[in-house]
Protein chains: 2
Amino acid sequence: MGTCWLWEECAVGLVVQKYGGSSVADAAAIKRVAQRIVATKKEGHEVVVVVSAMGDTTDELLDLAQQVSPLPPGRELDMLLTSGERMSMALLAMAIGDLGHEARSFTGSQAGVITDSVHGRARIIDVTPGRIRQALDGGAIAIVAGFQGVSQDSKDITTLGRGGSDTTAVALAAALNADVCEIYTDVDGVFTADPRIVPVARRVPHISYEEMLELAACGSKILHLRCVEYARRYGIPIHVRSSFSTLTGTWVSESQGSEQADMEQPIISGVAHDSSEAKITVVGVPDKVGEAATIFSSVAAADVNIDMIVQNVSAVDTNRTDISFTLPASDGRKGVEALTAIQATVGFESLRYDDGIGKVSLIGAGMRSHPGVSAKFFSALADAGVNIEMISTSEIRISVVVRADDIDAAVTAIHRAFDLDADQVEAVVYGGTGR
Amino acid sequence: MGTCWLWEECAVGLVVQKYGGSSVADAAAIKRVAQRIVATKKEGHEVVVVVSAMGDTTDELLDLAQQVSPLPPGRELDMLLTSGERMSMALLAMAIGDLGHEARSFTGSQAGVITDSVHGRARIIDVTPGRIRQALDGGAIAIVAGFQGVSQDSKDITTLGRGGSDTTAVALAAALNADVCEIYTDVDGVFTADPRIVPVARRVPHISYEEMLELAACGSKILHLRCVEYARRYGIPIHVRSSFSTLTGTWVSESQGSEQADMEQPIISGVAHDSSEAKITVVGVPDKVGEAATIFSSVAAADVNIDMIVQNVSAVDTNRTDISFTLPASDGRKGVEALTAIQATVGFESLRYDDGIGKVSLIGAGMRSHPGVSAKFFSALADAGVNIEMISTSEIRISVVVRADDIDAAVTAIHRAFDLDADQVEAVVYGGTGR
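Values in this document were obtained by computation on a predicted structure and should not be read as measured data.

1. Here's the deal with the environment of S379 of chain B
Residues and elements named next belong to chain B.
Right, so step 1: With respect to the helices and strands, the residue S379 is situated in helix α11 (residues 371-383).
Right, so step 2: Classification of S379 as partly exposed rests on a relative accessible area of 37%.
Right, so step 3: Counting along the chain gives 34 residues from S379 to A413, while the straight-line C-alpha distance between them is 9.5 Å.
Right, so step 4: Polar contacts involving the side chain of S379 include one to the main-chain carbonyl oxygen of A375, which spans 2.8 Å.

2. Side note on the domain arrangement of chain A
Interfaces are often sized by the amount of accessible area the parts lose when they come together.
Residues and elements named next belong to chain A.
Right, so step 1: According to the domain assignment, chain A consists of domain 1 (13-259) and domain 2 (261-419).
Right, so step 2: Spacing between the C-alpha centres of domain 1 and domain 2 amounts to 31 Å.
Right, so step 3: Facing the 22 residues of domain 1 at the interface are 25 residues of domain 2.
Right, so step 4: For the domain 1 and domain 2 pair, buried surface summed over both sides reaches about 1,700 Å², with 57% attributable to carbon and sulfur atoms.

3. Comments concerning the nonpolar core
Right, so step 1: Ranked by internal contacts, the top residues of the largest apolar core, which has 72 residues, are L92 and I143 of chain A together with L92 and I143 of chain B.
Right, so step 2: Sequence-distant contacts of L92 of chain B, that is, excluding residues within four places in its chain, are made with I30, V33, A34, I37, V49, V51 and I143 of chain B.

4. Remarks on the packing of aromatic side chains
Right, so step 1: Overall, the coordinates contain eight aromatic pairs over all chains when judged by the stated rule.
Right, so step 2: Arranged with centres 4.5 Å apart and planes meeting at 10 degrees, the rings of Y19 of chain A and Y184 of chain A form a pair that is stacked. Taken together, the residues Y19 of chain A in strand β1 (residues 14-19) and Y184 of chain A in strand β9 (residues 180-185) connect sequence positions 165 residues apart. With respect to burial, Y19 of chain A and Y184 of chain A carry one shared label: buried.
Right, so step 3: Judged by centre distance (5.2 Å) and plane angle (85 degrees), the rings of F377 of chain A and F378 of chain A are edge-to-face.
Right, so step 4: For F378 of chain A, a relative accessible area of 26% translates into the label partly exposed.
Right, so step 5: Sitting over the ring of F106 of chain B, R75 of chain A keeps its end group 5.0 Å from the ring centre.

5. With respect to the interface of chain B and chain A
Right, so step 1: Facing 40 residues of chain B, the contacting portion of chain A comprises 40 residues.
Right, so step 2: For the pair chain B and chain A, the two sides together bury roughly 3,200 Å², of which 61% comes from carbon and sulfur.
Right, so step 3: A per-residue breakdown of the area chain B buries against chain A is headed by V68, R86 and M94 of chain B, which together make up 23% of the total.
Right, so step 4: One can count four salt bridges joining chain B with chain A.
Right, so step 5: For R131 of chain A, the salt bridge is made with D156 of chain B, and the minimal N-O distance between the two is 2.8 Å.
Right, so step 6: The tally of links from chain B across to chain A stands at 19 residue pairs in polar contact (both at pLDDT 80 or more).
Right, so step 7: Those elements giving two or more residues to the side of chain B that touches chain A turn out to be α1 (27-42), α2 (57-68), α3 (74-98) and β3 (103-106) of chain B.
Right, so step 8: Per-element tally for the side of chain B that touches chain A: the top contributor is α3 of chain B, with 16 residues.
Right, so step 9: Across the side of chain B that touches chain A, the residue classes tally to 23 nonpolar, eight polar and nine charged.

6. Some remarks on the packing of helix α5 (residues 164-175) of chain A against helix α7 (residues 225-234) of chain A
All names here are of chain A.
Right, so step 1: The N-to-C vectors of α5 and α7 enclose an angle of 10 degrees; their axes lie 8 Å apart at closest approach. With respect to their mutual orientation, α5 and α7 come out roughly parallel. Residues D166, T167, V170, A171 and A174 of α5 lie in contact with α7, whose contacting residues are R226, C227, Y230, A231 and Y234.
Right, so step 2: Here the contact of α5 with α7 is composed, by residue class, of seven nonpolar, one polar and two charged.

7. With respect to the relation of the copies chain B and chain A
Right, so step 1: The two copies are related by a screw motion: chain B maps onto chain A through a turn of 180 degrees and a shift of 0.1 Å along the axis, at an RMSD of 0.2 Å. What the rotation and shift describe, once combined, is the action of a two-fold rotation axis. In terms of C-alpha distance to the rotation axis, chain B has S83 of chain B as its closest residue, with the C-alpha 2.4 Å off the axis.
Right, so step 2: Most of the interface of chain B is mirrored in chain A, where 100% of its interface residues again form contacts.

8. Side note on the UniProt feature "binding site: ATP" (unreviewed entry) in chain A
Residues and elements named next belong to chain A.
Right, so step 1: As recorded in UniProt, the feature "binding site: ATP" (unreviewed entry) lies at K18, Y19, G20, G21, T185, D186 and R196. In three dimensions, the annotated residues from a span of 179 residues occupy distinct locations, with a maximal C-alpha spread of 23.9 Å.
Right, so step 2: A relative accessible area of 4% means that G20 is categorised as buried.
Right, so step 3: Note that D186 resides in the loop between β9 and β10 (206-208).
Right, so step 4: You can call D186 buried: its relative accessible area is 6%.
Right, so step 5: Only 3.2 Å separates the side chain of D186 from the side chain of T185, close enough to count as a polar contact.

Reading the values: the criteria
- Residues numbered from 1 in each chain as written.
- Chains lettered and ligands numbered in written order.
- Predicted model: local features only at pLDDT ≥ 70, side-chain atom pairs only at ≥ 80, totals over all residues.
- Heavy atoms only, no water.
- Helix = DSSP H or I, 4+ residues; strand = E, 2+ residues; numbered from the N terminus.
- Buried < 20%, exposed > 50% of the residue type's maximum accessible area, 1.4 Å probe, protein only.
- Polar contact = N/O pair within 3.5 Å; in protein donor to acceptor, adjacent residues only side chain to side chain.
- Domains from an automatic or database assignment.
- Contact = heavy atoms within 4.5 Å.
- Buried area = accessible area lost by both parts, 1.4 Å probe.
- Core = buried A, V, L, I, M, F, W, Y, C linked by side-chain atoms within 4.5 Å.
- Phe/Tyr/Trp six-rings, centres within 6.5 Å; stacked < 30°, edge-to-face > 60°.
- Lys NZ or Arg CZ within 6 Å of the ring centre and 35° of its normal.
- Salt bridge = Lys/Arg side-chain N within 4 Å of Asp/Glu carboxyl O.
- Nonpolar A, V, L, I, M, F, W, Y, C, P; charged D, E, K, R; others polar.
- Axes fitted to C-alpha atoms, helices over the stretch in contact; angles between N-to-C directions.
- Parallel < 35°, antiparallel > 145°, perpendicular 65-115°, else oblique.
- Least-squares fit on C-alpha atoms with pLDDT ≥ 70 in both.
- UniProt positions renumbered as here; feature names shortened; annotations may be inferred.

Pasting the structure below:
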């Protein structure tokens, strides 16, 4: 195996592979993935495959659900949606069988993915992969439905929500003590920026869990936050790679200081952007203790995830403050409703809702201790004529909110300022994205 | 409830309803079925619904399987196909929820349908409907996936094969001690002949299990043999009716002599036909003890169901006999191969295969004891110019094999001869047929 530079001496081991919906979109794609799986098996590895529903199946099922009920019960929606993976996994097992290797498919429930009872976004609370282990011991390849499990209390079928298939793969890798969890996608790994914006973005050969978490939190779609958190907790190395090529992709694992030449130099991983957020400004909040707490409690009670928060003295009345925060645009309505409900109690003047924003972030180790990093970051934006609306920083991240129209210019400017541009185009985008 | 003439005083009870694929073909059909189910619930009954996959889903899944593997493993094919009912049952539960009633869907496994391990045509060996009982006790309507179960030994998902959904319904009715099992189809019940051939066929208001078994065995598609056998064994009354009307259909139950005016008169239930069979003639079998046994053992070992058998002295050599038998045309190749393999051992001369045949049967109680019945039967065929190739009779049936081209003429002639023609057209055929 030529791509196993993190594996000691390319040892034979247990590999968990995850293929998204675009990798199994039709019969031809399924047959191609089957060949790839068999090739891994032939190298001597034990292979567990986690698969998403084919192409647009999930959207089509959601559409059917909408046709019979505007607000379908979560239990039944999960029952419906899980039929998608059932199809893809059975077909994949057949395609492998056709290549002369035994494959056995397992639902989330059969694979021992035990969850809580929150339909639509259940959390994994245990993984008991006895039947998977048994299939592997019998020499078979195990194919597992991603995105699904069974609730511990009610024994009902659940789905894991966004990033569910990646999380299934990492959770199985942890429970089976796998050597690596390979996440197949439609690009050759993690890049220093979205290649659709920065064609000269570079592939990142290795990234730490922490940096990957920040990238995911800042809008990188390549791995879901939840899956990276799980991998970090259990120390599972993730190899993000393309199902359309055999190139080495990006390894996500513990940071390995010894690999770095200049340990005291900040290591910039990349530039991320996110155009899925919106901004709410609560205008004219009376400047009293506890008002911010009331505001954010009400938003949290509406089950809205808040990202960045900024508080300023009000431009109108110095006894009042303006509080701005960002949230997923899809939660915008819920957020506004929750705040409107407490307007009289809190006594703020008005609400402003703005979904024409974007977030641009620079991710990298050792950033806080290098003041030069932020200076270079803000200069680059200023030179590009990009106006900044909000700022937030962490140990390994600087994020700014800008106008949505400025995202591309901001990403390009920052990428160039930090010398991330490659000499030539490295990134190939092969297809769509999976679940 | 106006249609419950077999229920004592229209008591409130437990109803199992089965809807085929054509009844849930799309969102509109699912919503209509949901209303029907809710209406039954509102009458005060506990309701368990067994549902097939939507419209052509099963065929589409089979087509997908063919695209990835010419001979898919049975375990994986069952995993694939069972996703069909998973979709329809979840959608039906949603549609009922949308009408303000709680419905919970259950897979075959969740409903406690325990089978053997023969993928593709598993047999039910136990039904443990604890979760269904629990759902009913909680006031919910239970929706169960038809056609599927879980194997006792391997805990793998199985499908029950042809007639599987009807059989699921009857099996659940038996295990739950239901008052009636309603099988919804696209006609208003069992008719004295196929209305597509005999437009003046009459609806049969009541038929015994035995007669229904003969009808099913003789080609009537309305109920599968297996489901009627199950119902007879457990004494479950079946009400066959249309999902497109509210008319009373046909009740299938123990024969009730007291209802009949003339107990000594033969009661003709109807004329059935079957064009799905073929005939194999084994020509020139040496006339020795045990040769027939060898022939039929080899065919049975190839898992072919034999229907009618006729043995004649050979026209060519009087020391030899010709043995003809009918079998499902779909098993024709298997049958011929099995016989070819023993040709040398048995020493027969040749095989003749003929799939241009049809079977026409008259079903009714008290037939054997009335010689007039067979006389009238054969006269009708002779008058219609239909040539008879094979004959077989039982207590309640006369069957003949004729040329396929003669089926319509034979059915029409017999129906008229036994005064079964209605004064006007009673049958309405509403749509396609389900699984």
